[in-house]
Amino acid sequence: MDEQIRLAAFAWLKKQTDIFGDTLPRELLTEGFDYFGQRIRLMGPQGIWKPKQMDLPLSITTVIDGPYDDKPDVKGFLTYRYRGKDPDHRDNAGLREVMRLRKPLVYFFNIFPGKYLATYPVFIVNDDPYNLSFTVAVDDIAYLNVDKVEDTLGGTARRSYITQTVLYRAHQRQFRERVIAAYRSQCALCRLKHIELLDAAHIIGDREEHGDPVVQNGLSLCKIHHAAFDNNIIGINPDYQVIVRQDILEEIDGPMLKYGLQSLNNSNLILPSHKYDWPDRGRLEKRFDAFLKAG
Ligand SMILES: [Zn+2]
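These figures come from a predicted structure and were not determined experimentally.

What follows concerns the overall build of the protein. When helices and strands are tallied, the protein shows 8 helices and 13 strands. For the protein, the spread of C-alpha atoms along the three principal axes comes to 70 × 40 × 35 Å. With 295 residues in all, the protein has 50% of them scored as buried. Intrachain contacts of the protein at a sequence separation of at least 6 include 60% that bridge at least 24 residues. Accessible surface, the protein: about 15200 Å² in total, of which carbon and sulfur atoms supply 53%. Taken together, the 39 basic and 40 acidic charged side chains of the protein have centroids lying 3 Å from each other.

As structure tokens, then:
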């Protein structure tokens, strides 16, 4: 029974992400799905969740509070804290049993309040009572029923790679949600409010030093202004002023160029409501230098 419900939960999650996209609302997960007349909930009030119809936990949920809190460990895996300090609390004991029996779980990353990225299958691969934590590895769904994969070198390498990829993606999704919300779902240059046309742009690229996926390194920009910013057609100086490149200002063309780009010259950047969300001046300065050199 436990096994079948687990597989049914994965299949149901797959269907939901096809409908809702990769982040799922909390209500949907706590409401769960119908399994032969029984309601199976995928998430509970605590981090480790076991539906009453199952013998062992089905999901673990965590909150990503910043890019530093959940960096992968030295092997590229995730650390998941025990519930409380008692290693024998039933939730912790349940996860230990999940590890022993090599059962797959769902990991819910909290991307934004009330929104989760569902990752499965994940496996508990180590227990560390001294640090009150478990080690979690993400795997490919194709390896769901392959026994003892974590004992092989190839299996470990694959899981490490997949875990790091998933974590990177979770951070980028979180960055997008947080940046766009900080700017009240509008473009920081032109106020366009269509969420489908908005991106969270990095001030310093995410592969560079100080390119962390934090709101202070982000700008909510519409697609056109994101591309213009990335291509140094538009720069933003550390005083939050928008500067359009000289040769673009001198060009003569239709209304998109005139209103979409040229008219922004010397305008003020639209800033987030909270000052702590404002772009970091140091990062803007570094980026603006690159813009000036490109011009
Ligand atoms: Zn715009």
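What follows is about the coordination of the zinc ion. Coordination sphere of the zinc ion, protein contribution only: C187 (SG), C190 (SG), C222 (SG) and H225 (ND1), at 2.1 to 2.3 Å. Of note is the zinc ion, whose 4 donor atoms meet at the metal with angles of 94 to 118° in an arrangement that counts as tetrahedral. In primary sequence terms, the donor set of the zinc ion follows C-x2-C-x31-C-x2-H. Here C187, found in the loop between α4 (153–182) and β10 (198–202), pairs with H225, found in helix α5 (residues 223–230); they are 38 residues apart in sequence, far enough to count as distant.

Time to look at helix α3 (residues 90–100). Every buried residue of α3 is accounted for by D91, N92, G94, L95 and V98. Down the axis of α3, the sector holding all buried residues measures 155°, keeping them to one side. Exposed side chains of α3 directed beyond 90 degrees from the buried face belong to R90 and R100. A positive backbone phi angle near 55° is found at R102, which sits one or two residues after α3.

To continue, consider the pattern of salt bridges. Throughout the structure, instances matching the rule amount to 21 salt bridges. Note that E177 and R173 form a salt bridge whose closest N and O atoms lie 3.5 Å from each other. In this pair, E177 and R173 both sit in helix α4, 4 residues apart, roughly one turn of the helix. In this structure E177 comes out as buried when scored by relative accessible area, which is 13%.

Next up on the list: the confidence of the model for the protein. For the protein, per-residue confidence averages 92 on the pLDDT scale, and 96% of positions sit at 70 or higher. Summarising per-element confidence for the protein, the mean pLDDT is lowest in strand β5 (residues 59–63) (86) and highest in strand β11 (residues 218–222) (98).

Along the chain, R245 falls in the loop between β13 (242–244) and α6 (246–250). A distance of 3.2 Å separates the side chain of R245 from the backbone oxygen of N232, its partner in a polar contact. Those residues in contact with R245 that sit more than four places away from it in its chain are N231, N232, I233, F291 and G295.

Our next topic: unusual backbone geometry. A cis amide bond, omega -5°, links Y120 with the succeeding residue P121. In this model, N232 sits at a positive phi of 60°, which is unusual for a non-glycine residue. Mapped onto the elements, N232 comes out in the loop between α5 and β12 (234–236). The buried category is assigned to N232, whose relative accessible area is 15%.

Relative to the helices and strands, R287 resides in helix α8 (residues 281–294). Here R287 sits buried without a salt bridge, and the closest side chain of opposite charge, D230, lies 4.5 Å off (N-O distance). For R287, the residues in contact, after removing those within four places along its chain, are I203, I204, F229, D230 and N232.

L189, L219, L221, I234, I236 and L269 are the most contacted members of the largest nonpolar core, which has 31 residues in total. Here this core takes 4 residues from α4, the largest share from any one element. Dropping the residues within four chain positions of it, L189 is found in contact with L221, H225, I234, I236, V242, L264, L269 and I270.

Parameters at a glance
- Residues numbered from 1 in each chain as written.
- Predicted model: local features only at pLDDT ≥ 70, side-chain atom pairs only at ≥ 80, totals over all residues.
- Heavy atoms only, no water.
- Helix = DSSP H or I, 4+ residues; strand = E, 2+ residues; numbered from the N terminus.
- Buried < 20%, exposed > 50% of the residue type's maximum accessible area, 1.4 Å probe, protein only.
- Contact = heavy atoms within 4.5 Å.
- Areas by Shrake-Rupley, 256 points an atom, 1.4 Å probe, with all protein chains shown as cover.
- Lys, Arg positive; Asp, Glu negative; His and termini not counted.
- Charge placed at Lys NZ, Arg CZ, Asp CG, Glu CD.
- Donors = N, O, S within 2.8 Å, 3.2 Å for Na, K, Ca; no water.
- Tetrahedral: all angles 85-135°; square planar, octahedral: opposite > 155°, others 65-115°.
- Arc of directions from axis to C-beta.
- Salt bridge = Lys/Arg side-chain N within 4 Å of Asp/Glu carboxyl O.
- pLDDT = per-residue confidence, 0-100.
- Polar contact = N/O pair within 3.5 Å; in protein donor to acceptor, adjacent residues only side chain to side chain.
- Core = buried A, V, L, I, M, F, W, Y, C linked by side-chain atoms within 4.5 Å.

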